[in-house]
Amino acid sequence: MAEDNTVNQFDELCAGYVLGSLDNDERIRFEELLESATNEQEQFYVDMQAIAAELALLYPEQIPSPDLRHQLIDMAWASVNNKDGANVLYLSRYRYAAAAAVVFMISALGLLFHTQNLKQDISEQDRLLGEQGDFMSEQTDQILDLTEDIMNTQRQLQQTSEELAIAREKLYESETGSEFYQERIDILQSELAQQEIFIDQQEEQLEQQNSTITEIQSRMATLEDEVQRKEELLTILEARDVDLVLMDGLDVNPEGYGKVVWDKDNGRAILQVANLPVVPTDRDYQLWFIINDQPQSAGVFAVQDPERDDFFTIEELKQDGQGAFAITMEPKGGSPQPTGDMYLLGAQN
Amino acid sequence: MLFFILSAIGKVLTQNNTRDRELMRRIASREPEALGELYDHYNKLLFGLLKPIVKKHTEAEDLLQEVFTSIWEKAEQFDTERGTPYTWIVSLTRNKGIDRLRSKVYKEQKKQSTSLDDEEVFMPLFSHENNPLENTILSDRAKRVGEALNKLSEKQRSVIQVAYFDGLTQSEISEEYDIPLGTVKTRMRDGMIKLREILAQEAA
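Just so you know, these numbers come straight off a predicted model, no measurement behind them. (Residues numbered from 1 in each chain as written. Chains lettered and ligands numbered in written order. Predicted model: local features only at pLDDT ≥ 70, side-chain atom pairs only at ≥ 80, totals over all residues. Heavy atoms only, no water.)

**Some thoughts on the overall build of chain A**
Move 1: Across its full length, chain A carries six helices and eight strands.
Move 2: Counting only residues that meet the buried cut, chain A has 30% of its 349 residues in that class.
Move 3: In chain A, 59% of the contacts between residues at least 6 apart in sequence involve partners at least 24 apart.
Move 4: When the accessible surface of chain A is totalled, it reaches about 22500 Å², and 52% of it is carbon and sulfur. (Helix = DSSP H or I, 4+ residues; strand = E, 2+ residues; numbered from the N terminus. Buried < 20%, exposed > 50% of the residue type's maximum accessible area, 1.4 Å probe, protein only. Contact = heavy atoms within 4.5 Å. Areas by Shrake-Rupley, 256 points an atom, 1.4 Å probe, with all protein chains shown as cover.)

**Focus: the nonpolar core**
Move 1: Counting 76 residues, the largest nonpolar core has B:Phe68, B:Ile71 and B:Tyr164 as its most contacted members.
Move 2: The element best represented in this core is helix 3 (residues 32–54) of chain B, accounting for 12 residues.
Move 3: Setting aside residues up to four positions removed in sequence, B:Tyr164 forms contacts with A:Leu19, A:Ala52, A:Ala53, A:Leu55, A:Ala56, A:Tyr59, B:Leu49, B:Val90 and B:Arg94.
Move 4: Counting residues in hydrophobic clusters, the runner-up holds 23 residues, among them A:Ile291, A:Phe301, A:Val303 and A:Ile314. (Core = buried A, V, L, I, M, F, W, Y, C linked by side-chain atoms within 4.5 Å.)

**Observations concerning the interface of chain A and chain B**
Move 1: On the side of chain B, 83 residues touch chain A, which itself brings 63 residues to the contact.
Move 2: Summed over both partners, the interface of chain A with chain B buries about 7200 Å², with 60% contributed by carbon and sulfur atoms.
Move 3: We note a salt bridge from A:Asp47 to B:Arg196, for which the minimum N-O separation is 3.1 Å.
Move 4: Our enumeration of links across chain A and chain B arrives at 21 residue pairs in polar contact (both at pLDDT 80 or more).
Move 5: Looking at the side of chain A that touches chain B, the elements that each hand over two or more residues are helix 1 (2–18), helix 2 (24–35), helix 3 (39–55), helix 4 (67–81), helix 5 (93–121) and helix 6 (129–237) of chain A.
Move 6: It is helix 3 of chain A that contributes the most residues to the side of chain A that touches chain B, 14 residues altogether.
Move 7: When grouped by side-chain class, the residues that make up the side of chain A that touches chain B number 35 nonpolar, 14 polar and 14 charged. (Buried area = accessible area lost by both parts, 1.4 Å probe. Salt bridge = Lys/Arg side-chain N within 4 Å of Asp/Glu carboxyl O. Polar contact = N/O pair within 3.5 Å; in protein donor to acceptor, adjacent residues only side chain to side chain. Nonpolar A, V, L, I, M, F, W, Y, C, P; charged D, E, K, R; others polar.)

**Some remarks on the confidence of the model for chain B**
Residue and element names in this part refer to chain B.
Move 1: Per-residue pLDDT for chain B has a mean of 79; in total, 75% of the residues score no lower than 70.
Move 2: Contacts of residues 1–11 to residues separated by more than four positions or lying in other chains number 27 contacts, the stretch itself having pLDDT below 50.
Move 3: Note on residues 113–132: pLDDT under 50 across the span, and 35 contacts to partners over four residues away in sequence or across chains.
Move 4: Among the scores for the predicted complex, ipTM is 0.79 and pTM is 0.48. (pLDDT = per-residue confidence, 0-100.)

**Quick notes on helix 4 (residues 57–74) of chain B**
Move 1: The first and last C-alpha atoms of helix 4 of chain B sit 25 Å apart over 18 residues, in line with the 26 Å expected at 1.5 Å per residue.
Move 2: Where burial is concerned, most of helix 4 of chain B is hidden: 16 out of the 18 residues are buried. (Expected span 1.5 Å × (residues − 1).)

**Some points on the packing of helix 3 of chain B against helix 4 of chain B**
Residues and elements named next belong to chain B.
Move 1: Two elements in contact, helix 3 and helix 4, have axes separated by 9 Å at closest approach and are oriented at 140°. Compared by their axis directions, helix 3 and helix 4 come out oblique. Helix 3 and helix 4 meet at a crossing whose hand is right-handed. Facing helix 3, whose interface residues are Pro32, Leu35, Leu38, Tyr39, Asn43, Leu46, Phe47, Leu50, Lys51 and Val54, helix 4 presents His57, Glu59, Ala60, Glu61, Leu63, Leu64, Val67, Phe68, Ile71 and Trp72.
Move 2: Partitioned by chemical class, the residues of the contact of helix 3 with helix 4 number 15 nonpolar, two polar and three charged. (Axes fitted to C-alpha atoms, helices over the stretch in contact; angles between N-to-C directions. Parallel < 35°, antiparallel > 145°, perpendicular 65-115°, else oblique. Left-handed = near helix turned anticlockwise from the far one by under 90°.)

**Here we look at a negative patch on the surface**
Move 1: A contiguous patch of negative charge, built from A:Glu138, A:Asp141, A:Asp145, A:Glu148 and A:Asp149, is present on the exposed surface.
Move 2: With respect to the helices and strands, the residue A:Glu148 is situated in helix 6. (Patch = residues over 30% accessible without salt bridge, like charges linked within 9 Å, V, L, I, M, F, W, Y side chains within 5 Å. Lys, Arg positive; Asp, Glu negative; His and termini not counted. Charge placed at Lys NZ, Arg CZ, Asp CG, Glu CD.)

**Side note on the environment of A:Arg240**
All names here are of chain A.
Move 1: The topology assignment puts Arg240 in the loop between helix 6 and strand 1 (243–249).
Move 2: Judged by relative accessible area, Arg240 falls into the exposed class, the value being 87%.
Move 3: For the pair formed by Arg240 and Asp265, sequence separation is 25 residues and the distance between their alpha carbons is 9.7 Å.

**What to know about the pattern of salt bridges**
Move 1: Per the stated rule, a full pass over the model turns up 20 salt bridges over all chains.
Move 2: As a salt-bridge pair, A:Glu26 and B:Lys185 come within 2.3 Å of each other at their nearest N and O atoms. With one member in each of two chains, A:Glu26 in helix 2 and B:Lys185 in helix 10 (residues 181–203) form a pair that bridges those chains. The burial state of A:Glu26 is the same as that of B:Lys185; both residues are buried.
Move 3: The closest approach of N and O atoms between B:Glu66 and B:Arg100, which form a salt bridge, is 3.0 Å.

**Here we look at the packing of aromatic side chains**
Move 1: With the rule as written, the count across this model stands at 16 aromatic pairs over all chains.
Move 2: Plain terms: the ring middles of A:Phe30 and A:Tyr45 are 5.9 Å apart, the flat faces sit at 50° to each other, and that makes the pair tilted. Of this pair, A:Phe30 sits in helix 2 while A:Tyr45 sits in helix 3, placing them 15 residues apart in sequence. A:Tyr45 carries the same exposure label as A:Phe30, and that label is buried.
Move 3: Judged by centre distance (6.2 Å) and plane angle (35°), the rings of A:Tyr59 and B:Tyr164 are tilted. Placement of A:Tyr59 in the loop between helix 3 and helix 4 and of B:Tyr164 in helix 8 (residues 154–166) is noted, with the two residues assigned to different chains.
Move 4: Given a relative accessible area of 7%, A:Tyr59 falls into the buried group.
Move 5: Each member of the aromatic cluster is reached from another via a ring pair, and the members are A:Phe10, A:Tyr17, A:Phe30 and A:Tyr45.
Move 6: One cation-aromatic arrangement involves B:Arg30 over B:Trp72; the distance from NZ or CZ to the ring centre is 4.1 Å. (Phe/Tyr/Trp six-rings, centres within 6.5 Å; stacked < 30°, edge-to-face > 60°. Lys NZ or Arg CZ within 6 Å of the ring centre and 35° of its normal.)

The structure is reproduced here in structure tokens:
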């Protein structure tokens, strides 16, 4: 029974101890019991301590000032670098207060000791009594002044700490505000970048559309030219009296074919050619009208696509009499007389 | 036994325990970097523990520095047979906080203090710098302890909560809540034993 009571007492004290809930005397009592605890009791204490430590997880975490870490590391390095190997004590405000209290107590004890000496010597030093009294009064005043100074210093220290706390909180709020605006700036910059990408895409599309428009305009110009040329051809074909001269390919290009529709009355003609090789860039084909064995130039032209028939108009071809048409390849711009190979030849009927 | 079971809850916890023991060994060998690493792991948890006890931000920071100064000075006294570094550090921190709460200097100063207490800003937790996996484990641990606490009877739970979270002694609880002192002691003991059973069952 007595053993059960002891166990219960140990368990009760242990639970209170690990929760920090014992009064001072009970705490000391438990630490004494722990010194002589059985293995089972010691394990019980370890378990209880572990549970109490787990309870700490229920507190929400909070962030202390970043300066604390630096101060701590400085303290540790100072301790390591200390030649005597002694720890460098961290002086908290409470240690300052305690130090001030010790100074005050020493001063008070000194005064007491001094007063005791005065009492012992008072019978022998009557004549000095007044002087010592003044001295005591002066010392008392100084102690009072010193006490007041200490209290003032403590108050200033307290005020400074509180101001520092406010400053830290403001700094934190300022940093939090800065973070908020930095996030906004980041978001806006991200949106701006997206807008820039969008604008780039729009510009690219615009450029493509401009290119398409230019291409269409070019094709339209080509078509207009072609329409104009076909109108001219039609004008010639509409003439009531035309001569038709067919030209055949010669040895240099047997597959070649040519035809001249000649409106003699108006001195205009149409030249149609097919299956002629593409003319080199420094050369041209030249049409000749040969009459009485004398070739007369009727114009130059070039062939770019041998697969299709090409039509050309000849504005000035006023000749009387029967002759023949021939096509030769000449230097660029044509020659006064034929010099190159003859590709086509055909005579009027 | 239980702390071994608790420590074996997950690989991360075991890793943390191994990591903490290595840090304690290095701190005992006078390596300031190890103290910095330990601070990085636990400063938010311990600061969160201290602030509700002493209420004031500056007091809590002052105490936090005292805690790590004590760890630096007393690391070689850490007994590996008597629990994990985590348990030792949390116990040390709570004892510091409660000692400060009950010190005459603090009580006197608290009377003279202005209304700054009311203006204390409790900062939210920002965990960007922490390992997310570690946070999850801590969160699971907190959840498990909270659930275990809720499985106690209301009477048992309330005395433990008041003692741990408000820092009241058994005598103060008895006086404050008009409960016989013996009853407070019994409820506290029974509650803690039941907590041990619940946590051990869940960990098994």
